[in-house]
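Working through the structure, step by step
Given next are the chains, with one letter for each unit.
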Amino acid sequence: MLAVVPPPVTVRVPAKVNLHLAVGNLRADGYHDMVTVFQALSLHDDVTVAIADDPGIEVLGEGADSVPTGPSNLAWKAVRALAEHVGRDPEEPKVRVVIRKNIPVAGGMAGGSADAAAALVGLASLWRLEIGRDELALLARKIGADVPFALYGGTALGTDRGDQIVPVLARHPFHWVIAFDKGGLSTPEVFTELDRLRADGNPPRVGAAEAVLEGLSSGDPRQLALLLGNDLQAAAVSLRPNLRRTLRAGVNAGALAGMVSGSGPTCAFLCSDADSAVRVAAELAGAGVCRTVRVAQGPMPGARVIATEEAP
Ligand code: ATP
């Protein structure tokens, strides 16, 4: 009897922005405690997984040249982790992964983590596994702290390393403008810079997350704009002083507030509505302070199958 090869599966996965990112002091184990509020945005990568005799990874699109295609690719780590979890050979997974990137690489929007989450969801479908999101999230945490949120999407509170996820009520859509900088920033270097700034002085710290959660449930972008905060911003700006100009340009263009996204260098601007976001994006693009400008909306769902192509 001929074995039927299942058709390739394509998963769409969102970028994230941190509306609130509180970083604790350096712990003895080298990590920092974090309290963060994530929102998933309409800026996304698409990841296709297929059964193949020539296993491996191919990366196309935004920043593809700077993404590894070997075992260090986070999507490949996800393939191996899931293979091992379900008793398949992690060294010979017979899977081909194609990543179409729109999320800026090393941009502070968790693009690599998103691709890992997409690979988990795609493979669970391709291999017809009976596995729920909560079980996938346990694997996701081992791959990276931002991977679980990319599975769930929406708006969520993250604690511990940011990887213990609790969904947050945010019924209203928010409108964002995203400014990609030239090149990326290494997340560990940004944390090291924050530790250095804290050893030297007292950079401002964001307060508790409760106010942001109230701002979200109000649905009023003007209220939320006053409450956005990111402890990593001072460190990202210290490493990339040009970000000051980008942040100022977005607010001058009419955004309600601007902030560095995660560890940067991408900047995210909250706007009052969809029309305002389009106007801010056009003006920011003309200001020549960043590489690329995109309009986005949040919250969006987490990694989800968008297509299964029937094999020819
Ligand atoms: P975070 O916000 O989670 O700290 P980031 O958005 O700043 O991450 P990523 O785009 O996830 O950064 O990439 C960080 C590094 O991880 C890149 O420099 C790249 O070398 C590596 N990497 C591994 N897999 C991927 C992937 N699938 N996509 C992008 N980068 C990847």
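Residues numbered from 1 in each chain as written. Predicted model: local features only at pLDDT ≥ 70, side-chain atom pairs only at ≥ 80, totals over all residues. Heavy atoms only, no water.

Overall, the coordinates contain 16 salt bridges when judged by the stated rule. Where Asp 45 meets Lys 101, a salt bridge forms, and the shortest distance between an N and an O atom there is 2.5 Å. Highlighted residues: Asp 45 in strand β2 (residues 32–51) and Lys 101 in strand β4 (residues 95–101), separated in sequence by 56 residues. Overall, Lys 101 belongs to the buried group, its relative accessible area being 5%. The salt bridge partner of Arg 196 is Glu 193, with a shortest N-O separation of 2.8 Å. One end of the pair is Arg 196 and the other is Glu 193, both in helix α5 (residues 187–200) and 3 residues apart, which spans about a single turn. (Salt bridge = Lys/Arg side-chain N within 4 Å of Asp/Glu carboxyl O. Helix = DSSP H or I, 4+ residues; strand = E, 2+ residues; numbered from the N terminus. Buried < 20%, exposed > 50% of the residue type's maximum accessible area, 1.4 Å probe, protein only.)

With respect to the helices and strands, Leu 185 occurs in the loop between β7 (174–180) and α5. Between the C-alpha atom of Leu 185 and that of Arg 244, which follows or precedes it by 59 residues, the distance is 15 Å. Contact partners of Leu 185, with chain neighbours within four places excluded, come to Ala 106, Val 190, Ala 236, Leu 239, Arg 240, Ser 263, Gly 264 and Pro 265. (Contact = heavy atoms within 4.5 Å.)

Okay, the packing of aromatic side chains next. The relative placement of two aromatic rings is captured by the distance of their centres and the angle of their planes. Here the structure, examined in full by the defined rule, presents 1 aromatic pair. With centroids separated by 4.5 Å and ring planes inclined at 10°, the aromatic side chains of Phe 38 and Phe 149 adopt a geometry described as stacked. One end of the pair, Phe 38, is in strand β2; the other, Phe 149, is in helix α4 (residues 147–152), with 111 residues separating them in the sequence. Assigned by exposure class, Phe 38 and Phe 149 land together as buried. Looking at Arg 88, its charged tip hangs above the ring of Trp 127, at a distance of 4.2 Å from the centre. Arg 161 extends its terminal NZ or CZ atom over the ring of Tyr 31, reaching a point 4.8 Å from the ring centre. (Phe/Tyr/Trp six-rings, centres within 6.5 Å; stacked < 30°, edge-to-face > 60°. Lys NZ or Arg CZ within 6 Å of the ring centre and 35° of its normal.)

Attention now goes to the nonpolar core. If you look at the biggest cluster of nonpolar residues, it comprises 65 residues, and the most contacted ones within it are Val 97, Trp 176, Ile 178 and Leu 216. For this core, the leading source of residues is helix α2 (residues 111–126), giving 10 residues. If sequence neighbours within four positions are ignored, Val 97 has contacts with Val 47, Thr 48, Val 49, Gly 56, Ile 57, Glu 58, Ala 75, Trp 76 and Val 79. Grouped together as the second largest cluster of nonpolar side chains are 30 residues, Met 34, Val 190, Leu 197 and Val 289 included. (Core = buried A, V, L, I, M, F, W, Y, C linked by side-chain atoms within 4.5 Å.)

A few words on helix α1 (residues 74–85). Every α-helix winds through 3.6 residues per turn, so residues three or four apart in the chain are directed the same way. Between its first and last C-alpha atoms α1 spans 16 Å; for 12 residues at 1.5 Å apiece the expected length is 16 Å, and the two agree. Looking at α1, one finds that the buried residues are Ala 75, Trp 76, Ala 78, Val 79, Ala 81, Leu 82 and Ala 83. Each element contacted by the buried residues of α1 is listed here: β3 (56–61), β4, α2 and α3 (133–143). Between a side-chain oxygen at the N-terminus of α1 and the backbone nitrogen of Ala 75 the separation is 2.9 Å; the capping residue is Asn 73. Residue Gly 87 follows α1 closely and has a positive phi angle near 80°. (Expected span 1.5 Å × (residues − 1). Polar contact = N/O pair within 3.5 Å; in protein donor to acceptor, adjacent residues only side chain to side chain.)

Let us look at the domain arrangement of the chain. The domain architecture assigned to the chain consists of domain 1 (9–169) and domain 2 (174–298). A separation of 23 Å is found between the C-alpha centroids of domain 1 and domain 2. Opposite the 32 residues of domain 1 that make contact, domain 2 presents 38 residues. For the pair domain 1 and domain 2, the summed buried surface comes to about 2500 Å²; carbon and sulfur atoms form 60% of the total. (Domains from an automatic or database assignment. Buried area = accessible area lost by both parts, 1.4 Å probe.)

Given the relative accessible area of 9%, Glu 193 is considered buried. Setting aside anything within four residues of it in sequence, one finds Glu 193 in contact with Ala 235, Ser 238 and Leu 239.

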